[in-house]
Amino acid sequence: MAEAHANSAATISRYLTELDEIAGVFRTLRDQRAELSLRFEDHGERHTARVLDVDGGRFLLDDIKPRSGLALLNRAVPFSFTARSGGLSAFADGLAVEDIATDRGVPYFLVPLPSRLLTHQRRAVERFRLPLDIAKRKGAAIVLHHGEQKLQGRIVDISAGGCRAEFDGLMVPPLPVDETMERCIMRIPHLLEIEARCAVRHRTALANPPRVVCGLEFLRMSVSDRRRLELLIQRLSDGAAVRSSGAA
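The structure displayed is predicted, hence computed values, not measured ones. (Residues numbered from 1 in each chain as written. Predicted model: local features only at pLDDT ≥ 70, side-chain atom pairs only at ≥ 80, totals over all residues. Heavy atoms only, no water.)

This next bit is on unusual backbone geometry. A cis geometry characterises the amide bond from K65 onward to P66, with omega recorded as -15°. By the element assignment, P66 lies in the loop between β6 (58-65) and α2 (68-74). With omega at -5°, the peptide bond leading from N208 into P209 counts as cis. Turning to its location among the elements, P209 is positioned in the loop between β18 (192-206) and β19 (211-221). Unusually for a residue other than glycine, A76 sits at a positive phi of about 60°. As for its placement among the helices and strands, A76 is situated in the loop between α2 and β7 (79-85). Despite not being glycine, H190 has its phi angle at roughly 70°, a positive value. (Helix = DSSP H or I, 4+ residues; strand = E, 2+ residues; numbered from the N terminus.)

What follows is the structure, given as structure tokens:
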């Protein structure tokens, strides 16, 4: 159902102490939909969770399994975590929930970013090409609000961290690389409708027919929209796995 695109970039193992670098690793864990293994003080049971998002100096913890972990997080029991996904590994301890919030009755937990984070090799996030029934029949539309302009295009592929979009014709003036878009609206009928603040990370002009392809990074979105996006990515990932096993 999906076509994965990924590349790798290795880094040496080291402890991070700069908040911006630590936040960047948690965003990578979010984008890779990495499973976090949680160990609570004085509790032997292993729990898992995922990073829903990163907000300022905190990360949002979601999808706690088994459910006994919810009570421990509610009580702010200190914990450590280990995460491995692709080429990325990370570890931190001395963490505790600072606040609890809910989205449509489902809780998520706000945890201050650690002051010290052990990391290993990193890898870029997988992108999933939208299958033809979504891209053509259902439509996968994107609208960028750039000043007074409203640019309408099509989503080509998508990940938890961004998407690639195609716009007909040649933009005049062209979108500057690293330009921030305060509103980026994505709609796939019956599957997804979200809004995000995004940035243009690359731009390529093509001919025959004239069009522009842009790589967009999602900078900020609501918790509800983040969860909707995660569900779509999971669906595309599951479809890719099914197709891969069928071809084998």
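Here we take up helix α1 (residues 19-31). With 13 residues, α1 extends 18 Å between its outermost C-alpha atoms, agreeing within 8% with the 18 Å of an ideal straight helix rising 1.5 Å per residue. Phi turns positive one or two residues past the end of α1, at R33, with a value near 50°. (Expected span 1.5 Å × (residues − 1).)

A word on the sheet that holds strand β9 (residues 99-103). The nine strands lie next to each other as β3-β11-β8-β7-β4-β5-β6-β10-β9, forming an open sheet whose pairing is antiparallel. The open sheet has two edge strands, β3 (14-16) and β9, and neither has a second partner. Strand-to-strand twist of the sheet, defined as the mean angle between neighbouring strand axes without regard to direction, takes the value 30°. Relative to strand β5 (residues 47-55), strand β4 (residues 36-40) is paired through three bridges, and the arrangement is antiparallel. Opposite S37, over in β5, you have T48 as the bridge partner. Docked against the sheet, α1 engages β3, β4, β5, β6, β7, β8 (88-95) and β11 (117-119), running at close to 120° with respect to β5. (Pairing = 2+ DSSP bridges. Axes fitted to C-alpha atoms, helices over the stretch in contact; angles between N-to-C directions. Contact = heavy atoms within 4.5 Å.)

Attention shifts here to the pairing of β18. Both strand β17 (residues 180-188) and β18 contribute to a ladder of seven bridges, which runs antiparallel. Following the sheet pairing, R187 is matched in β18 by E193. Between the end of β17 and the start of β18, which pair antiparallel, lie three residues, with H190 showing a positive phi angle near 70°. As paired elements, β18 and β19 share ten bridges and run antiparallel to each other. Bridge pairing in β19 links R203 to C214. Connecting β18 to the antiparallel partner β19 that follows it, the hairpin turn spans four residues, and N208 within it adopts a positive phi of roughly 55°.

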